[in-house]
Structure formats: C-alpha cells, structure tokens
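What follows is the residue order along each chain.
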Amino acid sequence: MAVMRTQRGFDRLVNFSDAVVAIAITLLILPLVDAGPEVVKHGIGPYFQDNFWQLLAFAISFAVIARLWMVHHQVFDWIDGYTNGLMWLNILWLAAIVFMPFTANVLSDSPNGQPDVYALYIGDLLLATVTMQFMEVIIVRTPGMLLPEAADRSDLLRGWTFVILMALALVLAVLFPGGGMFWLLILFLSQPLHILLKRLSRRGASTGT
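Only a predicted model underlies this, so the values are computations on that prediction, with no experimental measurement involved.

### A look at the overall build of the chain
Next, step 1: Of regular secondary structure, the chain possesses 8 helices and 0 strands.
Next, step 2: If you list the helices and strands of the chain from N to C, you get α-α-α-α-α-α-α-α.
Next, step 3: Along the three orthogonal principal directions, the C-alpha set of the chain runs to about 65 × 45 × 25 Å.
Next, step 4: Carbon and sulfur atoms provide 68% of the accessible area of the chain, an area that totals close to 11700 Å².
Next, step 5: The centroid of the 12 positive side-chain charges in the chain is displaced by 12 Å from the centroid of its 14 negative side-chain charges.

### Points about the environment of Ala2
Next, step 1: Summarising the element assignment, Ala2 is placed in the segment before α1 (7–27).
Next, step 2: Separated by 81 residues in sequence, Ala2 and Thr83 place their C-alpha atoms 6.3 Å apart.
Next, step 3: Once you skip the residues sitting within four places of it in the chain, Ala2 turns out to touch Tyr82 and Thr83.

### Quick look at helix α7 (residues 156–175)
Next, step 1: Compared with an ideal rise of 1.5 Å per residue, which puts 20 residues at 28 Å, α7 spans 29 Å between its outermost C-alpha atoms and is within 8% of the ideal.
Next, step 2: Of all the positions in α7, only Leu156, Gly159, Thr161, Val163, Leu165, Met166, Ala169, Leu170, Leu172 and Ala173 are classed as buried.

### Some remarks on the packing of aromatic side chains
Given two aromatic rings, one states the distance between the centres and the angle between the planes to describe the pair.
Next, step 1: Applying the stated criterion to the full structure yields 5 aromatic pairs.
Next, step 2: Judged by centre distance (6.4 Å) and plane angle (20°), the ring pair of Phe10 and Phe76 falls under stacked. Here the residue Phe10 occupies a position in helix α1, and Phe76 occupies one in helix α4 (residues 52–76), the gap between them amounting to 66 residues.
Next, step 3: Residue class for Phe76 comes out buried when judged on its relative accessible area of 6%.
Next, step 4: With 5.2 Å between their ring centres and 45° between their planes, Phe99 and Phe102 make a pair best called tilted. You can see Phe99 and its partner Phe102 sitting in helix α5 (residues 84–109), 3 residues apart, about one turn around the helix.
Next, step 5: Residue classification places Phe99 among the partly exposed residues on the basis of a relative accessible area of 35%.

### Section: the packing of α4 against α5
Next, step 1: Relative orientation of the contacting elements α4 and α5 amounts to 170°, with a least axis distance of 8 Å. Accordingly, the angle class assigned to the pair α4 and α5 is roughly antiparallel. Together, Trp53, Gln54, Ala57, Ser61, Val64, Ile65, Leu68, Trp69, His72 and Phe76 of α4 and Leu86, Asn90, Trp93, Ile97, Met100, Ala104, Leu107 and Ser108 of α5 make up the contact between the two elements.
Next, step 2: Here the residues of the contact of α4 with α5 are counted per class, giving 13 nonpolar, 5 polar and no charged.

### What to know about the nonpolar core
Note that soluble globular proteins tend to have their nonpolar side chains buried in a common cluster.
Next, step 1: Core analysis: the biggest nonpolar cluster contains 52 residues, and Phe76, Leu86, Trp93 and Leu184 have the highest contact counts within it.
Next, step 2: Looking at this core, the elements that each hand over two or more residues are α1, α4, α5, α6 (115–141) and α7.
Next, step 3: Among the elements that take part in this core, α6 stands out by supplying 11 residues, more than any other.
Next, step 4: Among residues more than four places away in sequence, those in contact with Phe76 are Phe10, Leu13, Val14, Leu86, Asn90 and Met135.

Procedures and definitions
Residues numbered from 1 in each chain as written. Predicted model: local features only at pLDDT ≥ 70, side-chain atom pairs only at ≥ 80, totals over all residues. Heavy atoms only, no water. Helix = DSSP H or I, 4+ residues; strand = E, 2+ residues; numbered from the N terminus. Areas by Shrake-Rupley, 256 points an atom, 1.4 Å probe, with all protein chains shown as cover. Lys, Arg positive; Asp, Glu negative; His and termini not counted. Charge placed at Lys NZ, Arg CZ, Asp CG, Glu CD. Contact = heavy atoms within 4.5 Å. Expected span 1.5 Å × (residues − 1). Buried < 20%, exposed > 50% of the residue type's maximum accessible area, 1.4 Å probe, protein only. Phe/Tyr/Trp six-rings, centres within 6.5 Å; stacked < 30°, edge-to-face > 60°. Axes fitted to C-alpha atoms, helices over the stretch in contact; angles between N-to-C directions. Parallel < 35°, antiparallel > 145°, perpendicular 65-115°, else oblique. Nonpolar A, V, L, I, M, F, W, Y, C, P; charged D, E, K, R; others polar. Core = buried A, V, L, I, M, F, W, Y, C linked by side-chain atoms within 4.5 Å.

This is the structure:
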C-alpha cells in the first residue's frame with residue numbers, strides 16, 4: 001500500500017478530522033442550552049436532580065470524545081503521510097464520533113435499564129475504538145509510514161487491551177443492564193490488563209524460542 005506524502009493532503013486530512021471532532025463535541029451541549037430559564041425558575045439543585053441522566057450522558061460523552069481525539073492526535077503525530085486505507089478508516093472513525101451526540105441524547109432520554117440503548121451507545125464507542133486500532137495497525141505495518149522517532153512509542157497491544165475491555169463493557173451492559181453505564185468503569189483496568197498481556201506475550205515469545 002503506497003504512502004501518500006503530500007504535506008497539503010496530510011494537513012487537510014488532520015484539519016478536517018479536528019474540525020469534525022470539534023463540531024461533534026459542541027453538539028453535545030445543544031440539548032442543554034435552552035435550560036437557562038428553567039434553572040432560574042426552579043434553581044440549580046432541582047434542575048440537576050431532574051436532569052441528572054442528561055447531564056451525566058453529556059459529561060461522559062464529552063470526556064469520551066475528548067479522549068478519542070487525544071488518541072487520534074497522538075497517533076497522527078507519529079506520521080507525516082497517509083494511505084487510502086488509512087483515510088477511509090479515518091472517515092469511519094469520524095462517522096462514529098459524529099454519531100455520539102445522537103447516542104448521548106437517546107441515552108439521556110431513555111428510562112434506565114434498557115439494554116438496546118446501552119448497546120447503541122457503547123457499540124458506537126466500540127466502533128470508534130476498533131477503527132482507531134486498525135488505523136494504528138496500518139500505520140505500524142506500512143513500511144515508511146511510521147516516523148523513526150515514533151517507533152518506540154507505538155504499542156498495538158495497548159490498543160487491543162482497550163478494545164477487549166470496551167467489548168466486554170458492551171456485553172455486560174446488555175446482559176446485566178442494571179449496571180448501566182457504570183460498566184464502562186472497567187476501562188480503568190486497561191493498564192493492569194495491558195501489563196498482564198505484555199508479560200504473557202513475552203513469556204510466549206521466550207517459550208517459542
């Protein structure tokens with residue numbers, strides 16, 4: 001797969017991605033922008049109580065999109081070119097990002113405990129995570145794409161760890177909807193799981209030799 005190295009093309013790809021993410025993260029607040037009169041009339045406390053799930057969905061989605069953008073920013077800092085495959089995967093990743101304000105609104109407007117709503121929301125997160133991981137795979141495995149100074153910063157196993165935990169959160173949220181969005185807390189296990197998988201990988205490699 002040939003690497004395209006026109007600086008103008010690469011800059012347009014990155015700038016377009018940043019702009020789409022910025023628009024998506026801004027759209028999250030739109031359902032809340034008209035709440036001013038309600039807050040003034042009833043007070044902040046009652047408003048937060050009545051709109052807890054909507055505010056929680058906004059906070060989680062904002063943090064998730066910000067985190068996904070940070071990973072995207074880091075990964076694209078490893079390269080100065082792209083391939084057709086990477087460009088199309090990036091488009092799919094952006095589609096998942098743009099879809100998040102909708103899934104956040106569905107989550108906030110739905111009664112607690114609906115497995116299909118959790119599947120929609122976490123499934124979209126999983127799509128963004130998997131797409132980002134495959135972009136990393138292309139970057140690492142395409143000769144001449146990864147910058148020499150970034151060679152020691154790429155770690156595909158770390159990304160697969162996050163994919164595994166996100167998929168597990170999706171399954172648990174569907175099978176045990178009582179846990180709700182709190183199943184996403186298992187993502188905090190990514191670091192210890194990554195260390196464990198790395199040890200197992202090294203042990204397997206040493207056994208194989």
